[in-house]
Amino acid sequence: MRRFLLALLAPLALILTPLGVLPTTAQDATEADAATRPARSGETRLSAAQIASDVAIAREVYERVHPGYDRYTDQAEIDAAWEALLAQARANDGFSIAQFYLAAQRVLAMIRCDHTKAEWPSDLVAKRETVPTYLPFRWTFVENRAFIIDPVSETGLRAKDEVLAIDGITIDALSEKWLPLIPTDGFNEHTKPPQLAFSSEFAGGAIEHFGAIAGDLQPTVALTVRAPGQAPREVRAERLTITQWKDHLARTQRFRRDFKDGVTFKKVDPDTGYLKVATFVNYRNPVKPKVVYDPIFKQLKQDKVGTLILDLRGNGGGSDDASIGLFKRLIKEPSRVMRDVQMKTIDFDGIRDYLWTWDKRALRPSGLWVKKKNSETSYSLRNIVTAGATKVHKPHKEAFRGRLIILIDETISSASNHLISALSKRDNVVLVGSRGGGSAEGVTAGVLYTLTLPDSRIPMRVPGWIQYVDTDAFDRGLGVAPDIKAPMNVEAWLAARDPALDAAKMLAAQ
């Protein structure tokens, strides 16, 4: 999928509330005393008038351009959030840029679109490059509990330690504070906890990302942890800079950034293959998908493998060429992933100067882009514009035609979710694991515009297209559902067992 850049800004000064206390109404938001703290030394402060000006531009852009702006949340609710942010700004005589960013991000999350979010302004990005804000370990959430995966060796922390508190704040309280700021497609609330620990969108976990901009993080972190079956213990350790954190990721080899490095294949038994595709991201270090896929699918055909277990867990999407390349090798008859791609408007007059994309033609879309005008706020696009998004694909000559078992969980979204949703129409397909992320009916993405607010200089992502998957059935606002439920649980995780893969192997053996 094409990547451009962007994001929005918006309201509820809820972000700035005390830990563990989140206002739930506009009135509560105006009473959130943490938002009224004085700006810290060196912070740039925006006046209430500057915030009102930025908000007015953001609202116009999002209402005119975002095709899913009120898809899952009533616009009256979003409008109330905008107004609450403005009321808080007036009562507080403005915000610092950090406060404004956090308040805006909370409102953006209300739109319920994973591609809609605010970016850090450049001065804050530069600051994070040098200040240690990262926890000295990789970690994960299992059943809403936090566990360390790869600790820095000198810390005294151990793999499988459960993190109970960070700087005296419980994991539950931190979750309550930051989960509302994490965007997700539709009603997939189950996808948010893992992002507290890690998300490529946040360059780390949400706790570190939002905590850094809120100024909550100190170079030394106090941790309360507990090894399995033992009493809690206190550990103090030094946080990492972004360079140290990236080095730690590289040493532990747990993070696959690119498609060419994220595809592995092995035989489970003579009649069963296991294919892991960890990511479809193929734009940083691109390769032709056939170079990766052809040897695998030739072997499947040559060995007359009857069952393929396809593991897409952890795959948050990426590039069309990588996902479509896999799709063509898994279909049995001519098929398409998308049935339609639409824009909300082709008129960017009055807002064009605030927006940017990689392809400037997307700021001046002509009538030639439009295949069909559905209404005043809906235009179906031609395949020549969408890079063949609705193209019907023929099966590849090496396409796998046997039984397909797909492993899914909450970490799949975007292109991987679309692929699975479209493949679910194919016969002899079984989904195993837990409910996916993304939207099985299709997400708002495609072209992403960058809106840069003039006064705060906060960049915001604005999706320009809405994509509709060619699927017969879906749960509105939810990711794909498993046919066989086999979710990860704490007991299995601690024992290094994989319930979904175990269930798939049992099914394959039948």
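Just so we're clear, the structure is a prediction, and the values are computed from it rather than from any experiment.

When you go through the protein residue by residue, the secondary structure sums to 14 helices and 20 strands. A burial count over the protein gives 58% of its 510 residues as buried. Partitioning the contacts of the protein with sequence separation of at least 6, the portion at a separation of at least 24 is 76%. Approximately 21100 Å² of the protein is accessible, and the part contributed by carbon and sulfur atoms is 50%.

All chains considered together, the criterion is met by 13 aromatic pairs. Between Tyr134 and Trp245, the ring centres sit 4.6 Å apart and the planes meet at 15°, which makes this aromatic pair stacked. Here the residue Tyr134 occupies a position in the loop between helix H5 (122-130) and strand E3 (137-142), and Trp245 occupies one in helix H9 (residues 242-252), the gap between them amounting to 111 residues. Of the residues examined, Tyr134 reaches a relative accessible area of 0% and is grouped as buried. Among the residues examined, Trp245 registers a relative accessible area of 6% and is labelled buried. Aromatic pair Phe147 and Trp493: ring centres 5.1 Å apart, planes at 35°, arrangement tilted. Taken as a pair, Phe147 in strand E4 (residues 145-151) and Trp493 in helix H13 (residues 490-494) lie far apart in primary sequence, 346 residues in all.

This next bit is on the pattern of salt bridges. Applying the stated criterion across every chain yields a total of 29 salt bridges. Residue Asp79 pairs with Arg59 through a salt bridge whose shortest N-O separation is 3.4 Å. Here Asp79, found in helix H3 (residues 75-91), pairs with Arg59, found in helix H2 (residues 48-65); they are 20 residues apart in sequence, far enough to count as distant. With relative accessibility at 22%, the residue Asp79 sits in the partly exposed group. A salt bridge links Asp498 to Arg313; the shortest N-O distance between them is 2.8 Å.

Now for helix H4 (residues 97-110). Here H4 contains 14 residues, and its C-alpha end-to-end distance of 20 Å stays within 8% of the 20 Å for a straight helix at 1.5 Å per residue. With 14 of 14 residues buried, H4 is to be regarded as a mostly interior element. Directly beyond the C-terminal end of H4, a positive phi value near 60° is found at Arg112.

Next up on the list: the sheet that holds strand E18 (residues 444-452). Sheets are built from strands that pair by backbone hydrogen bonding, the pairs being arranged parallel or antiparallel. Spatially, E13-E18-E19-E12-E15-E14 is the arrangement adopted by the six strands of the open sheet, whose pairing is antiparallel. If you trace the sheet from one side to the other, it starts and ends with strand E13 (355-356) and strand E14 (370-375), each paired once. Bridge count for strand E12 (residues 338-343) against strand E15 (residues 378-381) is two bridges, and the pairing is antiparallel. Bridge pairing in E15 places Gln342 opposite Ser380. Taken strand by strand, H2 contacts E13, E18 and strand E19 (459-469), and its axis lies near 10° from that of E19.

On the basis of which strands lie adjacent, the open sheet formed by six strands has the order E9-E10-E11-E16-E17-E20 and mixed pairing. Where the open sheet ends on each side, the last strands, each with one partner, are strand E9 (263-269) and strand E20 (484-485). As paired elements, strand E16 (residues 403-408) and strand E17 (residues 429-433) share five bridges and run parallel to each other. The residue bridging Leu404 from the neighbouring strand is Val429, located in E17. Strand contacts of helix H10 (residues 289-302): E9, strand E10 (272-277) and strand E11 (307-311), with the helix running at about 10° to E9, the strand carrying the most contacts. Running at roughly 170° to E16, helix H14 (residues 499-509) makes contact with E9, E10, E11, E16, E17 and E20 of the sheet.

Scoring rules and cut-offs
Residues numbered from 1 in each chain as written. Predicted model: local features only at pLDDT ≥ 70, side-chain atom pairs only at ≥ 80, totals over all residues. Heavy atoms only, no water. Helix = DSSP H or I, 4+ residues; strand = E, 2+ residues; numbered from the N terminus. Buried < 20%, exposed > 50% of the residue type's maximum accessible area, 1.4 Å probe, protein only. Contact = heavy atoms within 4.5 Å. Areas by Shrake-Rupley, 256 points an atom, 1.4 Å probe, with all protein chains shown as cover. Phe/Tyr/Trp six-rings, centres within 6.5 Å; stacked < 30°, edge-to-face > 60°. Salt bridge = Lys/Arg side-chain N within 4 Å of Asp/Glu carboxyl O. Expected span 1.5 Å × (residues − 1). Pairing = 2+ DSSP bridges. Axes fitted to C-alpha atoms, helices over the stretch in contact; angles between N-to-C directions.

None of the figures reported here should be taken as evidence of function without further support.
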